[in-house]
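# Structural description and commentary
Residues per chain are reported as follows:
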Amino acid sequence: MELLTKASWSDAVTPREKENLQVAYQAACEGIVLLKNDGALPFAVGNVALYGPGVSMTIKGGTGSGEVNERHSVTILEGMQNRGFAVTSKGWLNRFEEHYNQQLALYKEERKKRINIFKLNDLMSMMFDNFRFPDGPDVTDEDVAASETDACIYVLARQAGEGGDRKAEAGDYLLTEAEEKTIRYLARKYEKFVLAINSGSAVDTKALADIPGINAILYICQLGTEGGHAFADVISGRVTPSGKLSSTWAKQYADLPFAMEYGALNGDLQNEYYKEGIYVGYRYYDSFGVEPAYPFGFGLSYTDFAVAGGEATAEGTKITLKCTVTNTGSVYSGKEVAQLYVSSPNGALHKEYQALAAFAKTGLLAPGQSEQLTLSFDLADLASYREADGCYVLEKGDYLLRLGNSSRNTAVAAVVELTGEAVVSQHEHICPVQAPVQELQSTPYNFEAAEVQRIIVDSSAVKTVCYTYETPEICADARVQAFVNGLSGQEMADIVVGSGMFGGAPRFNLPGSVGNTTSKFWDKGLVNVTMCDGPAGLRIQKRSTVDKKGKVKPVDAVLSIYDAFPGFVKKMMNGDPEKHPVIYQYTTAFPVSHALAQSWNTQLMQQVGSAIYKEMKEYGCTFWLAPAINIHRNPLCGRNFEYYSEDPFLTGAMAAGVTCGVQQEEGYYVTVKHFACNNQEDNRNFVSSNLSERALREIYLRGFERCVRQGRAKAIMTSYNKVNGVYSPNSYDLCTKVLRNEWGFDGVVMTDWFSTNKGQADNALAMKAGNDLIMPGTGANKKEILAGLKDGRVTKQDLRRCCANVVNAIFNSALQKEYVDKK
């Protein structure tokens, strides 16, 4: 059979690669957050001493499905040297690398003894079995003397990934004694000492507060393939940092609400109770008077800015505030983010102190230069969900518009007065709690009086939307109906259950794709389409061999976990580039989503999405399994690096930008995940996220809603976990009532990988709920669906509806048009 693939037979660097590297570089530059600076930064290009695990072993992204197989990622060491710095601590770095390699070899040998490659659960759990970077050797007086510089940077490194959560212990969330000792020593020995934090999520900063001599702190997160260059350019002042935190950093872990009840900390991995309710992140710190180490939206620059409010207007319920941002510094150009928060009336419903309503980022402003920005939002988006009658309501009273450049640095710029209570929308209840969750409730706030402009909005301007909850119609496209109506139950099951990973070779082969739809109907005019992991780029195989029969084998490990496989297994799985021709697929490792969110730049997010679209088109990917938009509920979540923020509005705005970029051409789809409440990784296949309907709707669903309504996302991936006792793929409330009835979603809903295995979500009930596609799928999944048809768990009409949704997506895919429709 002819090999159908879009991989290249040349390993030459293409113009597309160069273009995408520039996008990755810009995203990395804007994702770096300057947390502290007493004037030590920027450094003049010259001698610099670099220490710490993250210097030569810079972590570009987290592990698991979020990995990307790029051509090369620039480390901090490489980036600094490429930009002209002379790194004068090579002696220590060489000793560290030797120690690192020894520890890594021991770790790999020990891991091989623990892994059973024939047990899927072992493979999935081992994705989080990450190598903890060793502290390395002590820095000595001889090292300092040999460095011949007064400028020093220590790069703290932390790794996390899919399948498990971080630990509130030394070496993970907390610093080790050795790290504290080294940082204290370096801060004392060097006149200019900078700490850089190379971690996908926050670390504890309590110990740092007691160490004198730390002149600057940079949170660089995980910056992808161009991270080393971006870092060096920020250090030298070639780039002025403009990143802002997308999640609050606590002074200490105990400051989080119900900190010791998260995940495994309370010993209960079957149930996770969201007792903080709507008070997540800054909503908690601001509402309950808890001082953070670094607040939401915070980030310093090498220059200073003034953000001044201008005219506020209302057109119906759309509120607009003009503001002027001025670079008041005299040396450096820079970018600033104007942030608008709103404090809502304290009525019958308890509320957060303030919520982000709008933001905008300036262009590059020279000293003395100003830019006028327009901040707009719909007052209806500030409505609170009243569980008693299933309504989103705006309460009567004053809405204070707070303008500034972080959540803790704002001033009231205007007041919007709503003349009466207004019901924004009427809903049916969803996801009923199994038992009441005792949630936090704030007490009324005493808002400050402000002599500012006042806008009156009549409550009659709010038009109530009343949703109906009818069973969705089967796709009305004539071509889809003609194809689906002639299918048997078995044939429909073949279509709604995918393949890949451990299935047979697909007709169209994208090496390294994590799944495909069935190839069985290719000759009947239905191609197979591919799914590829994200969200830090397109994760596919960068090098593969092709034998004389057209069989494709990987040359490199598609996931880092494959390094733990025994040699004989690797030999069977992998191709030999010395014996067979090689095909190439080079993609770009972008900064992780957490770093992207710290740019607060939606236009840049669209550029990132557009760059990913180009790679999808080049190699034939139809479904990109991203963006991932779960909320940063707790800094210990193992996949926080994949997620954007603690705030649903910022999350949705950034992810919608990426979505628009990817879906700029019909036939290429994002797959927004993980729907919903996948906020911990420990025991993710069985845990139940238990929370109120209000918290579910206001915090955990709103980002998804923005991606669907604003971004027009064409696919959604359900999560492994249960929501209030019901597995997400089996939740009719989530998959149909919310997605289709309320938000108007018209795409494909698919499972996360293997989430309907034995003992987990039910395959037949997934069809009933409106989860259209089981991934990656086996014969067992099909059997359960067909059994469900017999025993009544699912009707043939339910199955046909799901099948039609899948077929519709395939018929509109670029691959279908290229391989079938054109012929």
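It should be noted that the structure appears before, not after, this text.
Keep in mind that what you see is a predicted model, and the values were worked out from it rather than measured. (Residues numbered from 1 in each chain as written. Predicted model: local features only at pLDDT ≥ 70, side-chain atom pairs only at ≥ 80, totals over all residues. Heavy atoms only, no water.)

### Some points on the overall build of the protein chain
Tallying secondary structure elements over the protein chain gives 21 helices and 32 strands in all. Scaling as 2.2 N^0.38, a compact globule of 823 residues should have a C-alpha radius of gyration of about 28 Å, and the protein chain matches this with 26 Å. With respect to the three principal axes, the spread of C-alpha positions in the protein chain is 75 × 75 × 50 Å. Classification of the 823 residues of the protein chain by burial places 63% in the buried group. Considering only contacts in the protein chain between residues 6 or more positions apart, those separated by 24 or more positions represent 79%. Total accessible area computed for the protein chain in this model is approximately 29700 Å², and 49% of it derives from carbon and sulfur atoms. Looking at charge distribution, the protein chain has the averaged site of its 83 positive side-chain charges lying 6 Å from that of its 95 negative ones. (Helix = DSSP H or I, 4+ residues; strand = E, 2+ residues; numbered from the N terminus. Rg over C-alpha atoms; globule rule 2.2 N^0.38 Å. Buried < 20%, exposed > 50% of the residue type's maximum accessible area, 1.4 Å probe, protein only. Contact = heavy atoms within 4.5 Å. Areas by Shrake-Rupley, 256 points an atom, 1.4 Å probe, with all protein chains shown as cover. Lys, Arg positive; Asp, Glu negative; His and termini not counted. Charge placed at Lys NZ, Arg CZ, Asp CG, Glu CD.)

### Digging into the packing of aromatic side chains
For any pair of aromatic rings, the description consists of the separation of the ring centres together with the inter-plane angle of the planes. A full pass over the atoms with the stated rule returns 36 aromatic pairs. Aromatic pair Trp-92 and Phe-96: ring centres 5.5 Å apart, planes at 10 degrees, arrangement stacked. Here the residue Trp-92 and the residue Phe-96 both occupy positions in helix H3 (residues 90–114), the gap between them amounting to four residues, near one helical turn. Here Trp-92 falls in the buried class, since its relative accessible area comes to 2%. Residues Tyr-173 and Tyr-253 carry aromatic rings whose centres are separated by 5.6 Å and whose planes lie at 70 degrees to one another, so their mutual orientation is edge-to-face. A residue pair is termed long-range when its members are at least 10 positions apart, and Tyr-173 in the loop between strand E4 (151–157) and helix H6 (177–189) and Tyr-253 in the loop between helix H7 (227–236) and strand E7 (271–273) qualify at 80 residues. Take Tyr-173 and Tyr-253: they sit in the same class, and that class is buried. Grouped by ring-pair contacts, the aromatic residues Tyr-51, Trp-92, Phe-96, Tyr-100, Tyr-107, Phe-131, Phe-133 and Tyr-190 constitute a single cluster. Its end group placed over the ring of Tyr-586, Arg-71 keeps NZ or CZ at 3.7 Å from the ring centre. The ring of Phe-811 is capped by Arg-479, whose NZ or CZ atom sits 4.3 Å from the centre of that ring. (Phe/Tyr/Trp six-rings, centres within 6.5 Å; stacked < 30°, edge-to-face > 60°. Lys NZ or Arg CZ within 6 Å of the ring centre and 35° of its normal.)

### Some remarks on the nonpolar core
Core analysis: the largest hydrophobic core is formed by 134 residues, its most contacted members being Phe-675 and Trp-753. In terms of residues, this core owes the most to one element, helix H20 (residues 796–811), which gives nine residues. Apart from the residues within four sequence positions on either side, Phe-675 is in contact with Leu-701, Phe-704, Ile-716, Met-717, Thr-718, Ser-719, Ser-728, Leu-734, Cys-735, Val-738, Leu-739 and Trp-743. Within the second largest apolar cluster, 74 residues are counted, among which are Val-144, Cys-152, Val-203 and Phe-641. (Core = buried A, V, L, I, M, F, W, Y, C linked by side-chain atoms within 4.5 Å.)

### What about the packing of helix H1 (residues 15–31) against helix H13 (residues 602–619)?
Two elements in contact, H1 and H13, have axes separated by 10 Å at closest approach and are oriented at 150 degrees. Between H1 and H13, the crossing angle belongs to the class labelled roughly antiparallel. You can see that H1 and H13 cross each other, and the crossing is left-handed. Counted together, Arg-16, Glu-19, Asn-20, Val-23, Gln-26, Ala-27 and Glu-30 of H1 and Leu-604, Gln-607, Val-608, Ala-611, Lys-614, Glu-615, Glu-618 and Tyr-619 of H13 form the full contact between these two elements. Here the contact of H1 with H13 is built from residues that sort into six nonpolar, three polar and six charged. (Axes fitted to C-alpha atoms, helices over the stretch in contact; angles between N-to-C directions. Parallel < 35°, antiparallel > 145°, perpendicular 65-115°, else oblique. Left-handed = near helix turned anticlockwise from the far one by under 90°. Nonpolar A, V, L, I, M, F, W, Y, C, P; charged D, E, K, R; others polar.)

### Topic: the sheet that holds strand E20 (residues 515–516)
Spatially, E20-E21-E25-E26 is the arrangement adopted by the four strands of the open sheet, whose pairing is mixed. The open sheet has two edge strands with one neighbour each: E20 and strand E26 (669–670). With three bridges joining them, strand E21 (residues 530–533) and strand E25 (residues 623–625) adopt parallel strand pairing. Within E25, the position partnered with Asp-533 by the bridge is Leu-625. (Pairing = 2+ DSSP bridges.)

### Some remarks on the pattern of salt bridges
Pairing between side chains of opposite charge can happen when their charged atoms approach one another. Taken as a whole and assessed by the stated rule, the structure comprises 56 salt bridges. In this structure, the salt-bridge partner of Arg-454 is Glu-417, at a minimum N-O distance of 3.2 Å. Of this pair, Arg-454 sits in strand E18 (residues 453–457) while Glu-417 is found in strand E16 (residues 409–418), placing the two residues 37 residues apart along the sequence. Judged by its relative accessible area of 27%, Glu-417 is partly exposed. In this structure, the salt-bridge partner of Glu-428 is Lys-737, at a minimum N-O distance of 3.1 Å. Residue Glu-428 is located in the loop between strand E17 (422–426) and E18, and its partner Lys-737 is located in helix H17 (residues 732–742); the two are separated by 309 residues in the primary sequence. Three or more residues joined by partner-sharing salt bridges are found here, namely Glu-162, Arg-639, Glu-642, Glu-681 and Arg-684. (Salt bridge = Lys/Arg side-chain N within 4 Å of Asp/Glu carboxyl O.)

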